[in-house]
Amino acid sequence: MRDRLEAAQRAVAAHLVRVLAPFGDVPVAQAMRYAVTGGKRIRATLVIEGARLHGVRLERALWPAAAIEAMHAYSLVHDDLPAMDDDALRRGQPTVHMRWDEATAILTGDALQALAFELVTHKQVGCGDLRADLARSLACAAGAQGMVLGQALDIAAETAPQPLDLDQITALQAGKTGALIEWAATCGARMAGADPAPLSDYAAAVGLAFQIQDDVIDVTGNAAAAGKAVGKDAAAGKATFVSLLGLDGATRRAATLVDEAVDALSIYGKDAETLRQLARFVISRQT
């Protein structure tokens, strides 16, 4: 799994370098390159591995893989802003608004979101109907039915009279974290015209496990290892999976979700081993 994850990281990084080369060297273009540098590329790997499972060539899969990384990077740039999470570090480096300024960060996020749709509708992805389907489904996953909805619910929870309960946090994270993960995991099946349901079930479990592990890292990690601030949720009094389930309970819940994710892949047999290992990696990571 590690080899394939690293191969996906290299391939997507190189692809993003190529597509961003014509953007020149103005501050917003510099910041776009900065924002898409580094990271685990889990979402891109889900696109590439899902495509591989369905016989879709890497040359085609790289476009939506780069698109989901651009969309994810946009969300992080905006999430780090003072009006949102107000973070100074991301991936061990100054956040975009700290490295440049708030206006550049806002424009950088806007530009990365636009880039995601530019990439996913590239002619090499496939026929017009497929590109339209991928663009529409990505818009739904990223917008007020998915990621943005989750972010809005998260902000609203900060001033709510009562902390969120477990069902509410689960619904919130299904949008904030899970929606883009599900799009990434099912992209390859969509590209092949295959049934995306097994990968959708896999992604729903992996996405929730991913967020639970984030909550665990926020309690047990350190800023140097995580590459970002930790302990902010507890300091703000926010309800998390750890605050509601306890550290051991949250860890057990994440492990159960990974088992569910692995079971969802049984239809693919040995061909899905990388995705199985990726699910296990999600709850073993410390960043």
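Our structure is the block above this text.
Position labels on residues start from 1 in each chain and follow its written sequence. At least 70 in pLDDT is required for a residue's local features to be given in this predicted model, at least 80 for side-chain atom pairs to be given and counted, and no such filter applies to totals for whole chains, interfaces and linings, which use all residues. Side-chain metrics in this entry use all non-hydrogen atoms of the structure; hydrogen atoms and water are not considered.

Caption draft 1: How the structure looks around the overall build of the protein chain. Counting secondary structure elements, the protein chain contains 14 helices and 2 strands. Between the two quantities, the radius of gyration covers C-alpha atoms and the globule rule is 2.2 Å times the number of residues to the power 0.38. Taken over the C-alpha trace, the protein chain has a radius of gyration of 18 Å; the compact-globule value for 287 residues is 19 Å, and the two agree within 12%. Each principal axis of the C-alpha atoms in the protein chain carries an extent, and together these give about 50 × 50 × 35 Å. Classification of the 287 residues of the protein chain by burial places 49% in the buried group. The contact definition used throughout considers only heavy atoms, calling two residues in contact when any of these lie within 4.5 Å. Long-range contacts, defined here as pairs at least 24 residues apart, represent 72% of the contacts in the protein chain between residues at least 6 apart. Helix numbers and strand numbers start at the N terminus; a helix is a DSSP run of H or I with at least 4 residues, a strand a run of E with at least 2. Accessible area is worked out with a 1.4 Å probe on protein chains only. A residue is then buried under 20% of its type maximum, exposed over 50%, and partly exposed in between.

Caption draft 2: The arrangement of the nonpolar core in detail. The biggest cluster of nonpolar side chains holds 87 residues, and the ones touching the most others in it are L46, L112, W183 and Y202. The greatest single-element share of this core, amounting to 12 residues, is contributed by helix 4 (residues 58–79). Ignoring sequence-local partners within four residues, the contact set of W183 consists of V47, P64, I68, V120, L134, S137, L138 and A141. Nonpolar cores were defined as sets of buried Ala, Val, Leu, Ile, Met, Phe, Trp, Tyr and Cys residues, with membership established by side-chain atoms within 4.5 Å.

Caption draft 3: How the structure looks around the side chain of R90. Within the element layout of this structure, R90 appears in strand 1 (residues 89–90). In protein, a polar contact means a hydrogen-donor-capable atom and an acceptor-capable atom, both N or O and within 3.5 Å, with residues adjacent in sequence counting only if both atoms are side-chain atoms; elsewhere, any N or O pair within 3.5 Å suffices. In this structure the side chain of R90 is engaged in a polar contact, spanning 2.7 Å, whose partner is the side chain of D80.

Caption draft 4: Layout of the pattern of salt bridges. Salt bridge, as used here, is a side-chain nitrogen of Lys or Arg placed within 4 Å of a carboxyl oxygen of Asp or Glu. Using the criterion set out here, one finds 11 salt bridges in the structure. Between R52 and E49 there is a salt bridge, with its nearest N and O atoms 2.8 Å apart. Of this pair, R52 and E49 both sit in helix 3 (residues 42–53), 3 residues apart, which is roughly one turn of that helix. Residue classification places R52 among the partly exposed positions, given a relative accessible area of 32%. Of the charged contacts in the structure, one is a salt bridge between R57 and E59, with a shortest N-O distance of 3.9 Å. Linked through salt bridges whose partners overlap, the residues forming this network are R4, E49 and R52.

Caption draft 5: Region of interest: the packing of helix 6 (residues 102–120) against helix 7 (residues 128–142). As a rule, the C-alpha atoms of each element are fitted with a line to give its axis, helices using only the stretch in contact, and angles between N-to-C directions run from 0 to 180 degrees. Running from N to C, helix 6 and helix 7 point in directions that differ by 155°, and their axes come no closer than 9 Å. On the basis of their axis angle, the class for helix 6 and helix 7 is roughly antiparallel. Crossing of helix 6 over helix 7 shows right-handed handedness. In contact with A116, F117 and V120 of helix 6, helix 7 contributes R131, L134, A135, L138 and A139. Just so you know the grouping, Ala, Val, Leu, Ile, Met, Phe, Trp, Tyr, Cys and Pro go in nonpolar, Asp, Glu, Lys and Arg go in charged, and all remaining residues, Gly too, go in polar. Within the contact of helix 6 with helix 7, the residues separate by chemical class into 7 nonpolar, no polar and 1 charged. Relative orientations are named as follows: roughly parallel for angles under 35 degrees, roughly antiparallel for angles over 145 degrees, roughly perpendicular for angles from 65 to 115 degrees, and oblique for any other angle. Handedness of a crossing follows from how the near helix is turned relative to the far one, being left-handed for an anticlockwise turn of less than a right angle and right-handed for a clockwise one.

Caption draft 6: Expanded view of the state of the cysteines. Here, the term disulfide refers to a pair of cysteine sulfur atoms separated by no more than 2.5 Å. With the rule as written, the count across this model stands at 0 disulfides. Distance from the sulfur of C140, which forms no disulfide, to the nearest cysteine sulfur (C187) is 14 Å. Under the relative-accessibility criterion, C140 is labelled partly exposed at 24%. With no disulfide of its own, C187 has C127 as its nearest cysteine by sulfur position, at a separation of 13 Å.

Caption draft 7: Region of interest: the environment of L245. Within the fold, L245 resides in helix 13 (residues 241–264). Using a relative accessible area of 32% as the deciding quantity, one classes L245 as partly exposed. When the C-alpha positions of L245 and L166 are compared, they lie 8.5 Å apart, and in sequence the two are 79 residues distant. Contact partners of L245, with chain neighbours within four places excluded, come to L166, A250 and R253.

Caption draft 8: Representation of helix 9 (residues 166–192) within the structure. Helix span, as expected, comes to 1.5 Å for every residue beyond the first. In this model helix 9 runs 36 Å from its N-terminal to its C-terminal C-alpha over 27 residues, within 8% of the 39 Å that 1.5 Å per residue would give. Values of bend correspond, residue by residue, to the angle between axes fitted over the seven residues ending at that residue and the seven starting there. The sharpest bend along helix 9 measures roughly 55° and falls at G178. Between the side-chain oxygen of the N-cap and the backbone nitrogen of D167 there are 3.2 Å, and the N-cap of helix 9 in question is D165. At the exit of helix 9 stands G193, carrying a positive phi of roughly 70°.

Caption draft 9: Local environment of helix 14 (residues 273–282). Most of helix 14 is tucked away, with 7 of its 10 residues classed as buried. Those residues of helix 14 that sit buried are T274, L275, R276, L278, A279, F281 and V282. Those residues of helix 14 that are buried lie in contact with helix 1 (2–20), helix 3, helix 10 (197–220) and helix 13.

Caption draft 10: Expanded view of the side chain of T177. With respect to the helices and strands, the residue T177 is situated in helix 9. For T177, a relative accessible area of 8% puts it in the buried group. Setting aside residues no more than four positions away along its own chain, T177 makes contact with G207, F210 and Q211.

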